[in-house]
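The primary structure of each chain is shown beneath.
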Amino acid sequence: MEDSSAATGTRIGQPTPLGEAASFDGGLVEVADRTWAWLQPNGGLGESNAGLVVGRGGSLLVDTLWDAALTTRMLEAMAPLTEASDAPIATLFNTHGDGDHWYGNAGVAPGVEIIATEAANEQMRAEPPALLTRLAPIGPVAGVAARLPLLPGRPQLRGMAAFSAALGSYEFNGLEPRRPDLRFTGSLAIEVGARRVELIEAGPAHTPGDAIAWLPDARVAYVGDILFNGVTPIMWAGPVDNWIAALERIAGLDPAVVVGGHGPPGGATEVAAMHAYWTWLREEVAAAGDEGAGRLAERLVRSSAYAAEPWGVWRNPERTHVNVARIQATSGVAAPKPLGTVERIRLIAGMGALAERLG
Ligand SMILES: [Zn+2]
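Here the structure is a predicted model, which means the values were calculated and not measured.

Definitions and cut-offs
- Residues numbered from 1 in each chain as written.
- Predicted model: local features only at pLDDT ≥ 70, side-chain atom pairs only at ≥ 80, totals over all residues.
- Heavy atoms only, no water.
- Core = buried A, V, L, I, M, F, W, Y, C linked by side-chain atoms within 4.5 Å.
- Buried < 20%, exposed > 50% of the residue type's maximum accessible area, 1.4 Å probe, protein only.
- Helix = DSSP H or I, 4+ residues; strand = E, 2+ residues; numbered from the N terminus.
- Contact = heavy atoms within 4.5 Å.
- Donors = N, O, S within 2.8 Å, 3.2 Å for Na, K, Ca; no water.
- Lys, Arg positive; Asp, Glu negative; His and termini not counted.
- Salt bridge = Lys/Arg side-chain N within 4 Å of Asp/Glu carboxyl O.
- Polar contact = N/O pair within 3.5 Å; in protein donor to acceptor, adjacent residues only side chain to side chain.
- Pairing = 2+ DSSP bridges.
- Axes fitted to C-alpha atoms, helices over the stretch in contact; angles between N-to-C directions.
- Phe/Tyr/Trp six-rings, centres within 6.5 Å; stacked < 30°, edge-to-face > 60°.
- Parallel < 35°, antiparallel > 145°, perpendicular 65-115°, else oblique.
- Nonpolar A, V, L, I, M, F, W, Y, C, P; charged D, E, K, R; others polar.

K.L.:
Quick question: what am I supposed to make of the nonpolar core here?
P.N.:
One broad rule of soluble globular proteins: the nonpolar side chains tend to lie buried together. Counting 48 residues, the largest nonpolar core has Ile226, Trp243, Trp278 and Leu281 as its most contacted members. Going through the elements one at a time, β10 (211-215), β11 (220-228), α7 (240-252), α8 (268-287), α9 (293-301), α11 (320-330) and α12 (341-358) are the ones with two or more residues in this core. A total of eight residues in this core trace back to one element, the largest contributor, which is α8. Ignoring anything within four residues of it in the chain, the contact list for Trp278 reads Pro233, Met235, Val240, Trp243, Ile244, Leu247, Asn323 and Ile327. Counting 30 residues, the second-largest nonpolar core is a separate cluster that includes Val54, Leu65, Leu92 and Leu175.

So this is what it looks like as C-alpha coordinates:
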(Lines give C-alpha, C1' and ligand atoms only; values in the text may rest on other atoms or scores of the structure.)
Protein backbone atom coordinates (compact mmCIF):
# COMPACT_ATOMS: atom_id res chain seq x y z
CA MET A 1 0.00 0.00 0.00
CA GLU A 2 1.27 3.44 -0.83
CA ASP A 3 2.12 5.70 2.06
CA SER A 4 -0.62 8.33 1.80
CA SER A 5 1.27 10.76 4.06
CA ALA A 6 4.18 10.89 1.63
CA ALA A 7 2.11 12.78 -0.91
CA THR A 8 0.28 15.09 1.45
CA GLY A 9 2.24 15.79 4.64
CA THR A 10 5.17 18.14 5.05
CA ARG A 11 8.40 16.12 4.80
CA ILE A 12 11.74 16.82 6.47
CA GLY A 13 13.38 19.84 4.88
CA GLN A 14 10.19 21.16 3.26
CA PRO A 15 8.83 24.53 4.43
CA THR A 16 6.50 24.57 7.44
CA PRO A 17 3.56 27.02 7.66
CA LEU A 18 5.90 29.47 9.45
CA GLY A 19 8.46 29.09 6.64
CA GLU A 20 11.14 27.07 8.45
CA ALA A 21 12.59 23.80 7.13
CA ALA A 22 10.69 20.87 8.70
CA SER A 23 12.80 19.04 11.27
CA PHE A 24 10.55 15.94 11.31
CA ASP A 25 8.07 14.35 8.90
CA GLY A 26 4.51 15.60 9.02
CA GLY A 27 1.31 14.12 7.68
CA LEU A 28 -0.49 10.97 8.78
CA VAL A 29 1.23 8.64 11.21
CA GLU A 30 -0.45 5.41 12.35
CA VAL A 31 0.09 5.39 16.13
CA ALA A 32 -2.01 2.22 16.75
CA ASP A 33 -4.38 -0.02 14.80
CA ARG A 34 -6.84 2.25 12.88
CA THR A 35 -5.63 5.15 15.03
CA TRP A 36 -3.76 8.08 13.45
CA ALA A 37 -2.09 11.35 14.17
CA TRP A 38 -1.82 14.24 11.70
CA LEU A 39 1.43 16.06 12.39
CA GLN A 40 2.48 19.58 11.38
CA PRO A 41 6.19 20.27 11.78
CA ASN A 42 7.80 22.05 13.55
CA GLY A 43 5.10 22.31 16.20
CA GLY A 44 5.43 26.11 16.42
CA LEU A 45 2.75 28.82 16.47
CA GLY A 46 -0.29 27.37 14.64
CA GLU A 47 1.64 24.26 13.56
CA SER A 48 -0.79 22.03 15.42
CA ASN A 49 -1.62 18.31 15.32
CA ALA A 50 -4.89 16.44 14.95
CA GLY A 51 -6.05 12.81 15.15
CA LEU A 52 -8.25 10.27 13.38
CA VAL A 53 -9.83 7.22 14.99
CA VAL A 54 -11.38 4.90 12.40
CA GLY A 55 -14.23 2.75 13.66
CA ARG A 56 -16.86 0.50 12.09
CA GLY A 57 -19.32 2.69 10.22
CA GLY A 58 -18.01 5.94 11.68
CA SER A 59 -14.81 7.75 12.61
CA LEU A 60 -13.70 10.34 15.15
CA LEU A 61 -11.70 13.42 14.20
CA VAL A 62 -9.72 15.04 17.00
CA ASP A 63 -9.29 18.77 16.27
CA THR A 64 -9.16 20.74 13.05
CA LEU A 65 -6.38 23.16 12.03
CA TRP A 66 -5.93 26.93 12.03
CA ASP A 67 -7.24 27.74 8.57
CA ALA A 68 -9.28 26.28 5.74
CA ALA A 69 -6.37 25.35 3.45
CA LEU A 70 -4.49 23.40 6.14
CA THR A 71 -7.69 21.63 7.22
CA THR A 72 -8.68 20.72 3.65
CA ARG A 73 -5.24 19.26 2.98
CA MET A 74 -5.57 17.11 6.11
CA LEU A 75 -9.12 15.94 5.39
CA GLU A 76 -8.13 14.99 1.84
CA ALA A 77 -5.28 12.88 3.21
CA MET A 78 -7.66 11.21 5.70
CA ALA A 79 -10.42 10.49 3.15
CA PRO A 80 -8.87 7.26 1.74
CA LEU A 81 -8.66 5.84 5.28
CA THR A 82 -12.28 6.53 6.18
CA GLU A 83 -13.51 5.50 2.71
CA ALA A 84 -11.60 2.19 2.79
CA SER A 85 -13.41 1.32 6.02
CA ASP A 86 -16.72 2.86 4.94
CA ALA A 87 -16.45 4.91 8.14
CA PRO A 88 -17.00 8.62 7.41
CA ILE A 89 -16.14 11.14 10.12
CA ALA A 90 -19.19 11.17 12.41
CA THR A 91 -17.83 13.05 15.43
CA LEU A 92 -15.34 15.89 15.89
CA PHE A 93 -13.81 16.51 19.31
CA ASN A 94 -12.06 19.85 19.83
CA THR A 95 -9.47 19.52 22.62
CA HIS A 96 -9.68 23.24 23.52
CA GLY A 97 -10.64 26.70 22.36
CA ASP A 98 -7.43 27.98 20.73
CA GLY A 99 -8.02 28.70 17.04
CA ASP A 100 -5.31 26.34 15.77
CA HIS A 101 -7.47 23.46 17.06
CA TRP A 102 -10.93 24.51 15.84
CA TYR A 103 -10.97 27.33 13.24
CA GLY A 104 -11.04 24.61 10.55
CA ASN A 105 -14.34 23.20 11.89
CA ALA A 106 -16.22 24.57 8.87
CA GLY A 107 -14.35 22.00 6.78
CA VAL A 108 -16.23 19.00 8.20
CA ALA A 109 -19.62 17.91 6.88
CA PRO A 110 -22.68 19.63 8.42
CA GLY A 111 -23.94 16.37 9.97
CA VAL A 112 -20.77 15.77 12.00
CA GLU A 113 -21.43 16.21 15.73
CA ILE A 114 -18.89 18.54 17.36
CA ILE A 115 -18.00 18.07 21.04
CA ALA A 116 -15.94 20.18 23.46
CA THR A 117 -16.06 21.32 27.07
CA GLU A 118 -18.37 24.13 28.15
CA ALA A 119 -15.33 26.27 28.97
CA ALA A 120 -13.76 25.65 25.55
CA ASN A 121 -17.05 26.66 23.93
CA GLU A 122 -17.02 29.92 25.92
CA GLN A 123 -13.50 30.69 24.68
CA MET A 124 -14.56 29.89 21.10
CA ARG A 125 -17.50 32.29 21.45
CA ALA A 126 -15.17 35.03 22.75
CA GLU A 127 -12.33 34.46 20.24
CA PRO A 128 -13.74 33.83 16.74
CA PRO A 129 -11.46 34.22 13.67
CA ALA A 130 -12.92 37.71 13.16
CA LEU A 131 -11.16 38.81 16.37
CA LEU A 132 -7.74 38.09 14.82
CA THR A 133 -8.78 39.88 11.64
CA ARG A 134 -9.78 42.94 13.71
CA LEU A 135 -6.50 42.88 15.67
CA ALA A 136 -4.37 42.43 12.53
CA PRO A 137 -3.51 46.18 12.12
CA ILE A 138 -1.89 46.25 15.60
CA GLY A 139 1.24 44.46 14.32
CA PRO A 140 2.17 46.93 11.56
CA VAL A 141 1.37 49.89 13.87
CA ALA A 142 3.64 48.37 16.55
CA GLY A 143 6.33 47.87 13.92
CA VAL A 144 6.22 51.54 12.92
CA ALA A 145 6.13 52.72 16.56
CA ALA A 146 9.14 50.50 17.38
CA ARG A 147 11.24 52.64 15.03
CA LEU A 148 10.55 55.85 16.98
CA PRO A 149 13.87 56.35 18.79
CA LEU A 150 12.57 57.90 22.02
CA LEU A 151 9.63 55.58 22.62
CA PRO A 152 10.02 53.21 25.61
CA GLY A 153 9.21 49.51 25.21
CA ARG A 154 10.63 49.16 21.72
CA PRO A 155 11.60 45.46 22.15
CA GLN A 156 7.99 44.78 23.23
CA LEU A 157 6.67 46.59 20.16
CA ARG A 158 9.01 44.63 17.92
CA GLY A 159 7.79 41.45 19.64
CA MET A 160 4.19 42.32 18.82
CA ALA A 161 5.10 43.09 15.23
CA ALA A 162 6.91 39.74 14.89
CA PHE A 163 3.97 37.84 16.37
CA SER A 164 1.60 39.60 14.02
CA ALA A 165 3.86 38.80 11.05
CA ALA A 166 3.76 35.09 12.04
CA LEU A 167 -0.05 35.22 12.03
CA GLY A 168 0.26 36.36 8.42
CA SER A 169 1.34 32.80 7.54
CA TYR A 170 -2.31 31.78 7.94
CA GLU A 171 -5.57 32.93 6.32
CA PHE A 172 -8.28 33.93 8.80
CA ASN A 173 -10.44 36.01 6.47
CA GLY A 174 -13.87 34.56 5.82
CA LEU A 175 -13.56 31.70 8.31
CA GLU A 176 -16.84 30.88 10.03
CA PRO A 177 -16.17 27.71 12.00
CA ARG A 178 -19.00 25.81 13.71
CA ARG A 179 -18.88 25.71 17.49
CA PRO A 180 -19.69 22.51 19.45
CA ASP A 181 -23.15 20.95 19.33
CA LEU A 182 -22.53 18.92 22.49
CA ARG A 183 -20.75 20.45 25.47
CA PHE A 184 -19.71 18.77 28.72
CA THR A 185 -18.00 19.34 32.04
CA GLY A 186 -16.03 16.70 33.95
CA SER A 187 -16.00 13.66 31.69
CA LEU A 188 -18.04 12.11 28.93
CA ALA A 189 -17.85 8.59 27.50
CA ILE A 190 -18.86 8.30 23.85
CA GLU A 191 -18.82 5.55 21.25
CA VAL A 192 -17.77 6.24 17.66
CA GLY A 193 -17.92 3.40 15.14
CA ALA A 194 -18.14 0.88 18.02
CA ARG A 195 -14.97 2.27 19.62
CA ARG A 196 -15.20 3.63 23.15
CA VAL A 197 -13.69 7.09 23.70
CA GLU A 198 -13.40 8.76 27.09
CA LEU A 199 -13.35 12.55 27.02
CA ILE A 200 -11.83 13.96 30.20
CA GLU A 201 -11.75 17.65 31.14
CA ALA A 202 -8.26 18.72 32.23
CA GLY A 203 -8.46 22.51 32.35
CA PRO A 204 -8.22 25.25 33.13
CA ALA A 205 -4.51 24.85 32.35
CA HIS A 206 -3.21 25.73 28.87
CA THR A 207 -6.59 27.37 28.19
CA PRO A 208 -9.84 27.61 30.22
CA GLY A 209 -11.37 24.49 28.63
CA ASP A 210 -8.72 21.83 27.92
CA ALA A 211 -9.80 18.21 27.61
CA ILE A 212 -8.23 14.96 26.44
CA ALA A 213 -9.54 11.93 24.51
CA TRP A 214 -8.56 8.48 25.78
CA LEU A 215 -8.96 5.36 23.68
CA PRO A 216 -8.81 2.33 25.97
CA ASP A 217 -8.75 -0.17 23.07
CA ALA A 218 -5.63 1.35 21.48
CA ARG A 219 -4.15 2.83 24.67
CA VAL A 220 -3.74 6.14 22.86
CA ALA A 221 -4.33 9.53 24.49
CA TYR A 222 -4.97 12.64 22.38
CA VAL A 223 -4.19 15.37 24.87
CA GLY A 224 -4.21 18.60 22.85
CA ASP A 225 -1.92 21.29 24.23
CA ILE A 226 -1.47 19.61 27.61
CA LEU A 227 1.57 18.06 25.87
CA PHE A 228 4.04 19.86 23.62
CA ASN A 229 6.91 17.68 22.39
CA GLY A 230 10.20 19.43 21.67
CA VAL A 231 8.49 22.81 22.02
CA THR A 232 8.14 24.91 25.19
CA PRO A 233 4.51 24.83 26.41
CA ILE A 234 2.57 28.04 26.97
CA MET A 235 0.10 28.59 29.79
CA TRP A 236 -2.56 31.14 28.84
CA ALA A 237 -4.89 30.13 31.68
CA GLY A 238 -3.49 28.19 34.65
CA PRO A 239 -3.26 27.45 37.49
CA VAL A 240 -0.12 25.37 37.01
CA ASP A 241 -1.34 22.86 39.63
CA ASN A 242 -4.09 21.85 37.18
CA TRP A 243 -1.60 21.29 34.37
CA ILE A 244 0.56 19.14 36.64
CA ALA A 245 -2.52 17.18 37.80
CA ALA A 246 -3.57 16.65 34.16
CA LEU A 247 -0.16 15.18 33.33
CA GLU A 248 -0.41 12.87 36.34
CA ARG A 249 -3.83 11.76 35.19
CA ILE A 250 -2.48 11.04 31.69
CA ALA A 251 0.46 9.06 33.13
CA GLY A 252 -2.02 7.14 35.30
CA LEU A 253 -3.81 5.92 32.16
CA ASP A 254 -0.56 4.15 31.22
CA PRO A 255 -0.83 5.11 27.53
CA ALA A 256 1.23 3.45 24.82
CA VAL A 257 1.20 6.69 22.79
CA VAL A 258 0.40 10.28 23.72
CA VAL A 259 -0.42 12.60 20.83
CA GLY A 260 0.06 16.20 21.94
CA GLY A 261 -1.08 19.36 20.20
CA HIS A 262 2.38 20.32 18.90
CA GLY A 263 5.42 18.18 18.02
CA PRO A 264 5.80 14.45 17.33
CA PRO A 265 3.81 11.84 19.31
CA GLY A 266 5.36 10.86 22.62
CA GLY A 267 4.84 8.61 25.60
CA ALA A 268 5.69 8.34 29.27
CA THR A 269 9.08 10.04 28.81
CA GLU A 270 7.62 13.18 27.22
CA VAL A 271 4.79 13.36 29.77
CA ALA A 272 7.35 13.08 32.59
CA ALA A 273 9.53 15.80 31.06
CA MET A 274 6.60 18.22 30.80
CA HIS A 275 5.65 17.39 34.40
CA ALA A 276 9.23 18.10 35.51
CA TYR A 277 9.28 21.44 33.66
CA TRP A 278 6.14 22.69 35.39
CA THR A 279 7.12 21.48 38.88
CA TRP A 280 10.58 23.04 38.46
CA LEU A 281 9.13 26.33 37.22
CA ARG A 282 6.54 26.42 40.01
CA GLU A 283 9.33 26.05 42.59
CA GLU A 284 11.56 28.66 40.96
CA VAL A 285 8.75 31.21 40.75
CA ALA A 286 7.83 30.64 44.41
CA ALA A 287 11.49 30.99 45.45
CA ALA A 288 11.94 34.23 43.47
CA GLY A 289 9.49 36.27 45.55
CA ASP A 290 8.35 39.41 43.74
CA GLU A 291 10.96 39.46 40.96
CA GLY A 292 9.31 40.68 37.73
CA ALA A 293 8.23 38.05 35.18
CA GLY A 294 10.47 39.34 32.37
CA ARG A 295 13.66 39.43 34.44
CA LEU A 296 12.92 36.15 36.19
CA ALA A 297 12.11 34.30 32.97
CA GLU A 298 15.34 35.53 31.39
CA ARG A 299 17.40 34.55 34.43
CA LEU A 300 15.84 31.06 34.45
CA VAL A 301 16.23 30.43 30.70
CA ARG A 302 19.89 31.49 30.91
CA SER A 303 20.61 29.31 33.99
CA SER A 304 22.78 26.21 33.85
CA ALA A 305 19.96 24.27 35.54
CA TYR A 306 17.67 25.08 32.59
CA ALA A 307 20.27 24.08 30.02
CA ALA A 308 20.89 20.74 31.75
CA GLU A 309 17.21 19.69 31.63
CA PRO A 310 15.26 18.32 28.64
CA TRP A 311 13.64 21.75 28.16
CA GLY A 312 17.07 23.29 27.52
CA VAL A 313 16.66 22.26 23.86
CA TRP A 314 12.93 22.92 23.43
CA ARG A 315 11.93 25.47 20.81
CA ASN A 316 10.49 28.86 21.81
CA PRO A 317 12.16 29.29 25.23
CA GLU A 318 10.70 32.82 25.33
CA ARG A 319 7.33 31.26 26.24
CA THR A 320 8.71 30.83 29.74
CA HIS A 321 7.96 34.57 30.13
CA VAL A 322 4.23 33.89 29.77
CA ASN A 323 4.48 30.83 32.00
CA VAL A 324 6.21 32.73 34.80
CA ALA A 325 3.70 35.59 34.57
CA ARG A 326 0.71 33.23 34.69
CA ILE A 327 2.13 31.22 37.60
CA GLN A 328 2.58 34.50 39.48
CA ALA A 329 -0.96 35.61 38.60
CA THR A 330 -2.79 32.36 39.29
CA SER A 331 -1.07 30.45 42.08
CA GLY A 332 -3.71 29.56 44.61
CA VAL A 333 -6.53 30.58 42.23
CA ALA A 334 -8.77 27.59 41.40
CA ALA A 335 -10.47 29.07 38.34
CA PRO A 336 -8.64 32.16 37.01
CA LYS A 337 -10.77 34.51 34.99
CA PRO A 338 -10.02 34.32 31.27
CA LEU A 339 -7.27 36.59 29.95
CA GLY A 340 -8.47 39.84 28.48
CA THR A 341 -7.20 40.99 25.09
CA VAL A 342 -5.00 43.75 26.57
CA GLU A 343 -3.36 41.39 29.06
CA ARG A 344 -2.78 38.83 26.31
CA ILE A 345 -1.16 41.45 24.07
CA ARG A 346 1.05 42.51 26.99
CA LEU A 347 2.19 38.88 27.48
CA ILE A 348 2.87 38.47 23.75
CA ALA A 349 4.90 41.68 23.79
CA GLY A 350 6.91 40.52 26.82
CA MET A 351 7.51 37.16 25.14
CA GLY A 352 8.76 38.91 21.99
CA ALA A 353 11.08 41.11 24.03
CA LEU A 354 12.55 38.06 25.76
CA ALA A 355 13.04 36.29 22.42
CA GLU A 356 15.00 39.33 21.26
CA ARG A 357 17.17 39.40 24.42
CA LEU A 358 17.87 35.67 24.05
CA GLY A 359 18.90 36.23 20.45
ZN1 LIG B 1 -2.17 24.73 19.88
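K.L.:
In this structure, what is going on with the coordination of the zinc ion? I would like to understand it.
P.N.:
Around a metal, the idealised angle for a tetrahedral arrangement of four donor atoms is 109.5 degrees; for an octahedral arrangement of six donor atoms it is 90 or 180 degrees. The zinc ion binds to the protein through Asp100 (OD), His101 (NE2), Asp225 (OD) and His262 (NE2); the donor distances cover 2.1 to 2.5 Å. Within one chain, the residues donating to the zinc ion are spaced in sequence as D-H-x123-D-x36-H. With Asp225 in strand β11 and His262 in strand β12 (residues 257-262), this residue pair connects regions lying 37 residues apart in the sequence. One exposure class covers both Asp225 and His262, and it is buried.

K.L.:
Would you mind going over the side chain of Asp225 with me for this structure?
P.N.:
Buried charged residue Asp225 carries no salt bridge. Nearest counter-charge: Arg319, at 7.3 Å. A polar contact of 3.2 Å, which involves the side chain of Asp225, links it to the side chain of His101. With residues near it in sequence (within four places) discarded, Asp225 still touches His96, His101, His206, Trp243, Gly261 and His262.

K.L.:
Even after reading the chapter, I still don't get the sheet that holds β10, so can you show me in this structure?
P.N.:
The strands making up a sheet are joined through hydrogen bonds of the backbone, oriented either antiparallel or parallel. An order of β8-β9-β10-β11-β12 is seen for the five strands of this open sheet, with the pairing classed as mixed. At either margin of the open sheet sits one strand with a lone partner, and together these are β8 (187-192) and β12. Shown here is a sheet whose adjacent strand axes are inclined to one another by a mean of 25°, direction ignored. In terms of strand pairing, β11 meets β12 through five bridges, oriented parallel. Note on β12: the bridge partner recorded for Ala221 is Val258. Contacting β11 and β12, α8 runs over the sheet at an angle of about 30° to β11.

K.L.:
So what exactly am I meant to see when it comes to the packing of aromatic side chains here?
P.N.:
The relation between two aromatic rings is expressed through the spacing of the ring centres and the mutual angle of the planes. Per the stated rule, a full pass over the model turns up twelve aromatic pairs. Here the aromatic rings of Trp66 and Tyr170 are separated by 4.7 Å at their centres, their planes lie at 55°, and the arrangement is tilted. Placement of the pair is Trp66 in the loop between β4 (59-62) and α2 (68-84) and Tyr170 in the loop between α6 (154-167) and β7 (182-184), with a sequence separation of 104 residues. Here Trp66 matches Tyr170 in class, with each residue buried.

K.L.:
Before we go on, may I ask you to explain the sheet that holds strand β3 (residues 50-54) in this structure?
P.N.:
Here we have seven strands laid out as an open sheet, ordered β1-β2-β3-β4-β5-β6-β7, and mixed in their pairing. Two strands in the sheet have a free side with no partner beyond their single neighbour: β1 (27-32) and β7. Recorded for the sheet is a direction-independent mean angle of 20° between the axes of neighbouring strands. Direction of pairing for strand β6 (residues 113-117) relative to β7: parallel, over a ladder of three bridges. Each bridged residue has a counterpart across the sheet, and for Ala116 the counterpart in β7 is Arg183. Together, β1, β2 (35-39), β3, β4 and β5 (89-93) form the strand contacts of α2, whose direction differs from that of β3 by roughly 15°.

K.L.:
Is there a simple way to think about the packing of α11 against α12 in this case?
P.N.:
Running from amino to carboxyl end, α11 crosses α12 at an angle of 135°, the nearest separation of the two axes being 8 Å. It follows that α11 is oblique to α12 by the angle criterion. Between α11, through His321, Val322, Ala325 and Arg326, and α12, the contact on the second element is made entirely by Leu347, Gly350, Met351 and Leu354. Partitioned by chemical class, the residues of the contact of α11 with α12 number five nonpolar, two polar and one charged.

K.L.:
So what exactly am I meant to see when it comes to the side chain of Ser48 here?
P.N.:
Structurally, Ser48 is set in the loop between β2 and β3. Within polar-contact distance, the side chain of Ser48 engages the backbone oxygen of Asp100 at 2.7 Å. For Ser48, the contacting residues outside a window of four places in its chain are Gln40, Leu65, Asp100, His101, Gly261 and His262.

K.L.:
For this particular structure, what's the right way to read the packing of α6 against α12?
P.N.:
The geometry of a pair of packed helices is captured by two quantities: the angle between their axes and the separation between those axes. The N-to-C vectors of α6 and α12 enclose an angle of 105°; their axes lie 7 Å apart at closest approach. Compared by their axis directions, α6 and α12 come out roughly perpendicular. Mapping the contact onto sequence places Pro155, Gln156, Arg158, Gly159, Met160 and Phe163 in α6 and Ile345, Ile348, Ala349, Gly350, Gly352, Ala353 and Glu356 in α12. Class assignment for the residues of the contact of α6 with α12 results in seven nonpolar, four polar and two charged.

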